[in-house]
2 protein chains.
Amino acid sequence: MGRGIAKRLLHHGFEVYGYNRTPSVANDLGKEGLIPCESLEDLISELEPPRFIWMMLPSGKTTEDTVKLISGMMKKGDCLIDGSNSDYRNSVETAENLAKQGFFFVDMGVSGGIWGENEGFGLMFGAEPSAAEMILPFVKTLAPDQDKGWVHTGPPGSGHFVKMIHNAIEYGMMQAYAEGFELMRSKKEFDLDLAAISEAWTSGTVIRSWILDLVTMSLSRDQGLEDIIPRVSDSGEARWALREAMDLSVPVPVLSSSLFERFSSRDDFRYRQRLLAVIRNAFGGHHVEREESK
Amino acid sequence: MGRGIAKRLLHHGFEVYGYNRTPSVANDLGKEGLIPCESLEDLISELEPPRFIWMMLPSGKTTEDTVKLISGMMKKGDCLIDGSNSDYRNSVETAENLAKQGFFFVDMGVSGGIWGENEGFGLMFGAEPSAAEMILPFVKTLAPDQDKGWVHTGPPGSGHFVKMIHNAIEYGMMQAYAEGFELMRSKKEFDLDLAAISEAWTSGTVIRSWILDLVTMSLSRDQGLEDIIPRVSDSGEARWALREAMDLSVPVPVLSSSLFERFSSRDDFRYRQRLLAVIRNAFGGHHVEREESK
């Protein structure tokens, strides 16, 4: 998404300097007007303070290490923007640390994936009011429209908190569609054309959504999905949302089921199901299938 | 929705006769060009065969009784359309019974609610090919566009099957949003403006959807929801979807949780939770709160 963000800013007349560990990424964007830098040090020394530095990195250690590296080179009044899906608790802490040094920090939840460059990104950000005001010109440019698709959620940390919830909801919506389509696929007697149904659903129905548009696109290419390995990754936000549900005592049956389905999809050994088979055998003598001895 | 369907057909130049148990409903639509009838008998005798009779009634006994009543007055070649959320198994049966008498039957899943009149309805229908062809002019008019938002799903019964799945997915999506917004509301320290977040999410994000548009509309009026009684009805389709999941051995954790949350919302006595409290007391001596003796 970093590439899309840079391109959208460039196309709207902003001056953008870029650094990527893989030099060709920044160099390629040179054609679009980006000024590529060979190192983080270069990037920061070439910009005039007050600077806006937008990180777009995997959350966790990579982002945290880079925050340390960059903040060591920042000057008072500079603003660091973390556009990754960081744990909001880290963002609260980072903002506090940077504030002590006179630096601004913005935790910027970014949604829209590869489509954002053209359609605009959904942006939700936490920041002190003065920092929020400073970055508004970028935000309004990156969003789908000047006054649409962005929200200053509140104090530092709240942007990544809201993005975490956004992503957990995304898991739940995806799972709802996935279960519904599996039910339809399983109803062999009707021989349903799932691609046609999905496409029809994208207009006029209660369940139309952008995710359904993507379902339609995928199923119209191939609705059998026979060459897709049924493993689904997760990238942390839904786990944090569940942790938050524990802290706040909020029941989230759908959000938790959606995450657990992903865990289940990656679990080939399935110890729990082996155990169920064994217990069932123990009390009822029910047959247990056994692996061929190795 | 029957009113919206009639109006949309009338505005597109169709001749529509209408009957409603409450005469004022049909009479009011007279201003829009509808020809109101005083009884079902009138309605059917005034139309020239082959006739298209569209029922828009609560599913279950009301619809089934009306099918019997109308089919007793139908002539060969007439077509009866059931636009309710009927159990698809009833629709399969009805289609078979009517086919024996030379009548056509279409099970028409209709989505879009009160918005359909202007935006067009999402339509998914099961029908024999000849019946499907006969009703296409109406379908294309009622849909958001001639070639959008409608699908002939397959044989009779398949339309209501697909609508049943549509509604079960709707429950899951609604529940995903509901849990996410409750988590945000519970995070008091950020004092989040849920209406502003919801509205921002409607543009550019991965979770934008029509349901989210409705969430935004509702929260922008009142995000506290303090005068809303937290009881949620269900109208059958999700139950049938779960029954289908049993029959087909398809796990649907999100669809089932979403339905069960609705059951839970209407259960004031909550026997299971009383029992949990008692068991917890029994093994650990944990405190049990008791109702004031009556």
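Residues numbered from 1 in each chain as written. Chains lettered and ligands numbered in written order. Predicted model: local features only at pLDDT ≥ 70, side-chain atom pairs only at ≥ 80, totals over all residues. Heavy atoms only, no water.

Moving on, we get to the overall build of chain A. Scanning chain A for helices and strands turns up 13 helices and seven strands. Principal axes of the C-alpha set define a box for chain A whose edges measure 75 × 40 × 40 Å. For chain A, the residues scored as buried account for 49% of the 294 residues in total. Taking the contacts inside chain A whose residues are at least 6 apart along the sequence as the reference set, 64% of them involve residues at least 24 apart. For chain A, the accessible surface area stands at approximately 15,000 Å², while carbon and sulfur atoms represent 51% of it. Taking the average place of the 31 positive charges on the side chains of chain A and the average place of its 43 negative ones, the gap between the two points comes to 4 Å. (Helix = DSSP H or I, 4+ residues; strand = E, 2+ residues; numbered from the N terminus. Buried < 20%, exposed > 50% of the residue type's maximum accessible area, 1.4 Å probe, protein only. Contact = heavy atoms within 4.5 Å. Areas by Shrake-Rupley, 256 points an atom, 1.4 Å probe, with all protein chains shown as cover. Lys, Arg positive; Asp, Glu negative; His and termini not counted. Charge placed at Lys NZ, Arg CZ, Asp CG, Glu CD.)

Okay, the interface of chain B and chain A next. Taken together, the contacts link 65 residues of chain B with 65 residues of chain A. Taken over both partners, the interface formed by chain B and chain A buries close to 5,500 Å², and the fraction arising from carbon and sulfur atoms is 76%. Three residues, Leu 183, Phe 190 and Val 206 of chain B, lead the burial of chain B against chain A; their summed loss comes to 13% of the area buried on that side. The interface formed by chain B and chain A includes four salt bridges. Salt-bridge contacts for Arg 208 of chain A lead to Glu 119 of chain B; the nearest nitrogen and oxygen are separated by 2.7 Å. Where the side of chain B that touches chain A is concerned, the elements lending two or more residues are helix H5 (88-100), strand E6 (122-126), strand E7 (150-154), helix H8 (158-186), helix H9 (194-201), helix H10 (210-221), helix H11 (237-248) and helix H12 (253-265) of chain B. No other element matches H8 of chain B, which puts 18 residues into the side of chain B that touches chain A. When its residues are assigned to classes, the side of chain B that touches chain A shows 37 nonpolar, 19 polar and nine charged. (Buried area = accessible area lost by both parts, 1.4 Å probe. Salt bridge = Lys/Arg side-chain N within 4 Å of Asp/Glu carboxyl O. Nonpolar A, V, L, I, M, F, W, Y, C, P; charged D, E, K, R; others polar.)

Pairing within the open sheet is mixed, and its five strands lie in the order E3-E4-E5-E6-E7 (chain A). If you trace the sheet from one side to the other, it starts and ends with strand E3 (52-55) and strand E7 (150-154) of chain A, each paired once. When strand polarity is set aside, the average angle formed by the axes of neighbouring strands in this sheet is 25 degrees. The pairing of strand E4 (residues 79-82) of chain A with strand E5 (residues 104-111) of chain A spans four bridges and is parallel. By the bridge assignment for E5 of chain A, Ile 81 of chain A is matched with Val 106 of chain A. Most of the contacts of helix H5 (residues 88-100) of chain A go to E5 of chain A, to which it runs at about 150 degrees, and overall it touches E4 and E5 of chain A. Together, strand E6 (122-126) and E7 of chain A form the strand contacts of H9 of chain B, whose direction differs from that of E7 of chain A by roughly 150 degrees. (Pairing = 2+ DSSP bridges. Axes fitted to C-alpha atoms, helices over the stretch in contact; angles between N-to-C directions.)

Ranked by internal contacts, the top residues of the largest apolar core, which has 80 residues, are Met 184 and Trp 201 of chain A together with Met 184 and Trp 201 of chain B. Discounting chain neighbours no more than four positions away, the residues touching Trp 201 of chain A are Phe 181, Met 184, Ile 207, Arg 208 and Leu 212 of chain A together with Met 124, Val 162, Ile 165, His 166 and Ile 169 of chain B. (Core = buried A, V, L, I, M, F, W, Y, C linked by side-chain atoms within 4.5 Å.)

Residues and elements named next belong to chain A. Here chain A is partitioned into domain 1 (2-155) and domain 2 (164-265). The distance between the C-alpha centroids of domain 1 and domain 2 comes to 30 Å. Taken together, the contacts link 11 residues of domain 1 with 11 residues of domain 2. Buried area between domain 1 and domain 2, summed over both chains or domains, comes out near 830 Å², and the portion from carbon and sulfur atoms is 55%. For domain 1, the biggest contributors to the area lost against domain 2 are Asn 85, Tyr 88 and Trp 115; these three give 49% of the whole. (Domains from an automatic or database assignment.)

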